[in-house]
Amino acid sequence: MTEILTPDDSGIARAADLLRAGALVAFGTETVYGLGADATNADAVAAIFAAKNRPRFNPLICHYPAAEAAFAHVVADEHARVLAERFWPGPLTLVLPRAADCPVALLTGAGLDTLAVRVPAHDVALALLRRTGRPVAAPSANRSGHVSPTTATHVLEELAGRIAAVVDSGPSRVGVESTVLDLSGPEPVMLRPGGVTREALEACVGRVRTAPPLAGAAPRSPGLLASHYAPSRPVRLSALAVDTSDGLLAFGAPLPGAGATFQLSASQDMAEAAARLFEGLRYLDRVPGVRRIAVMPIPDTGLGLAINDRLLRAAAPR
Ligand code: TXA
Ligand code: MG
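Parameters at a glance
- Residues numbered from 1 in each chain as written.
- Chains lettered and ligands numbered in written order.
- Predicted model: local features only at pLDDT ≥ 70, side-chain atom pairs only at ≥ 80, totals over all residues.
- Heavy atoms only, no water.
- Helix = DSSP H or I, 4+ residues; strand = E, 2+ residues; numbered from the N terminus.
- Rg over C-alpha atoms; globule rule 2.2 N^0.38 Å.
- Buried < 20%, exposed > 50% of the residue type's maximum accessible area, 1.4 Å probe, protein only.
- Contact = heavy atoms within 4.5 Å.
- Lys, Arg positive; Asp, Glu negative; His and termini not counted.
- Charge placed at Lys NZ, Arg CZ, Asp CG, Glu CD.
- Salt bridge = Lys/Arg side-chain N within 4 Å of Asp/Glu carboxyl O.
- Expected span 1.5 Å × (residues − 1).
- Pairing = 2+ DSSP bridges.
- Axes fitted to C-alpha atoms, helices over the stretch in contact; angles between N-to-C directions.
- pLDDT = per-residue confidence, 0-100.
- Core = buried A, V, L, I, M, F, W, Y, C linked by side-chain atoms within 4.5 Å.

1. Considerations on the overall build of the chain
Consideration 1: In terms of helices and strands, the chain carries 9 helices and 15 strands.
Consideration 2: Its C-alpha atoms give the chain a radius of gyration of 20 Å, near enough to 20 Å, the size a compact globule of 318 residues would have.
Consideration 3: For the chain, the spread of C-alpha atoms along the principal axes amounts to about 55 × 50 × 40 Å.
Consideration 4: Here the chain holds 318 residues, and 53% of them are scored as buried.
Consideration 5: Within the chain, contacts between residues at least 6 apart in sequence are counted, and of these 65% link residues at least 24 apart.
Consideration 6: Averaging the positions of the 30 positive and the 30 negative side-chain charges in the chain gives two centres separated by 6 Å.

2. Notes on the pattern of salt bridges
When the charged atoms of two side chains with opposite charge come close together, those side chains can pair.
Consideration 1: Applying the stated criterion to the full structure yields 11 salt bridges.
Consideration 2: The partner of arginine 14 in a salt bridge is glutamate 3, with the nearest N and O atoms 2.6 Å apart. You can see arginine 14 sitting in helix H1 (residues 9-20) and its partner glutamate 3 sitting in strand E1 (residues 3-5), a full 11 residues away along the chain.
Consideration 3: Since its relative accessible area comes to 37%, arginine 14 is described here as partly exposed.
Consideration 4: Linking arginine 313 and aspartate 309 is a salt bridge whose minimum nitrogen-to-oxygen distance equals 2.9 Å. Residue arginine 313 and its partner aspartate 309 are both found in helix H9 (residues 304-315); the two are separated by 4 residues, about one turn of the helix.

3. Overview of H9
Consideration 1: Taking 1.5 Å per residue as the helical rise, H9 with its 12 residues ought to reach 16 Å, and the 16 Å between its terminal C-alpha atoms agrees with that figure.
Consideration 2: Every buried residue of H9 is accounted for by Gly304, Ala306, Ile307, Asn308, Asp309, Arg310, Leu311 and Ala314.
Consideration 3: Along its buried surface, H9 packs onto strand E12 (235-236), strand E13 (246-251), helix H8 (270-286) and strand E15 (292-295).

4. Structural notes on the sheet that holds E13
Consideration 1: Taken in spatial order, the 4 strands line up as E12-E15-E13-E14 in an open sheet, and their pairing is parallel. In this open sheet, the two strands that pair with only one neighbour each are E12 and strand E14 (260-265).
Consideration 2: In the sheet, E13 pairs with E14 via 5 bridges, with the strands oriented parallel. Paired with phenylalanine 251 across the strands is serine 265, a residue of E14.
Consideration 3: Of the strands in this sheet, E13, E14 and E15 touch H8, which is tilted by about 160° from E14.

5. What about unusual backbone geometry?
Consideration 1: The linkage connecting tryptophan 88 with the following residue, proline 89, adopts the cis geometry, with an omega of -5°.
Consideration 2: When you line up the elements, proline 89 lands in the loop between helix H4 (78-87) and strand E5 (92-97).
Consideration 3: Although it is not a glycine, alanine 110 sits at a positive phi angle of roughly 50°.
Consideration 4: As for its position among the elements, alanine 110 is in the loop between E5 and strand E6 (114-118).

6. Some points on the confidence of the model for the chain
Consideration 1: Scored by pLDDT, the chain comes out at a mean of 93, with 94% of its residues at no less than 70.
Consideration 2: Confidence drops under a pLDDT of 50 for residues 214-227, and excluding neighbours within four residues, the segment shows 15 contacts in the predicted structure.

7. So, the nonpolar core
Consideration 1: Core analysis: the largest hydrophobic core is formed by 77 residues, its most contacted members being Phe57, Phe71 and Leu94.
Consideration 2: Looking at this core element by element, the count peaks at 8 residues for H8.
Consideration 3: In terms of nonpolar packing, the next biggest core, distinct from the first, is built from 17 residues, Ile12, Ala16, Leu18 and Val167 among them.

Printed below as a string of structure tokens:
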């Protein structure tokens, strides 16, 4: 049963307790309803992808109650500070390099070196974020491929029974998602148009490029383009045998003979494997003596679909 919580002190306290315990809680923002989880808890973030039926790991936005909290987890430059001053709280998401000691789970950012951060302009959301005391990862609270919900009723139509609770804070005012602006490169690039216009951004930081148009009809996540994190060592999928030059990404009883092994899930639990995937790829990409990464077969069921999608990208010729 999904709890429907009121947007008052007791509802917010309950929602914060659930989030801190690793449960999924949907909540209203000024743009759309988000499906929230503790961004520092990889298992909770994996549960977001499972609840949404997402076939791949898109990087998620981390929500904060204030700019200073956000900028403790990313490296903010002058542009970021000016934009935060002008547009936060509000429908603008900034993509910035992760700080060295960033506690946000790698799965939240789909393994990238950057993190998307935003401060929503919504009193209930801000109260919830303050009370939770952790960054909250939240994609729109719909099933994959469906439209973003702007009321608690829409959220329940999509996710009732799959999430712990929804905070009913009334209809979302803006109704379209936040503008996503990438500040991690040499010049600002708008990855997704949204609640803050390009003109408004340019008035603050000068020229803003638009991400190049993407091939195909389906909008692809900008986070999954060429710049997306991929290991530098070659990746071999569905490995059935390994030797000492292999770093093994194990799923279940490990193949014998690897030079190094990272266990995704000894019990072959998909959510556990999803939560550990990016950590594992990074570890095997760095561990000395290994020349390539060998991945044991992972079934294409449930979260396995998203795991295999990511592994296919990691293994694609570059
Ligand atoms: O208005 C919104 O932004 C809503 C509310 C809930 O805050 N959230 C939302 O999240 O729309 P989602 O997951 O549906 O969209 C996140 C967007 C995706 O296009 C994703 O690719 C991009 O942000 N993104 C997130 N992290 C990124 C990163 N590190 N680099 C590039 N793009 C990133
Ligand atoms: Mg969405």
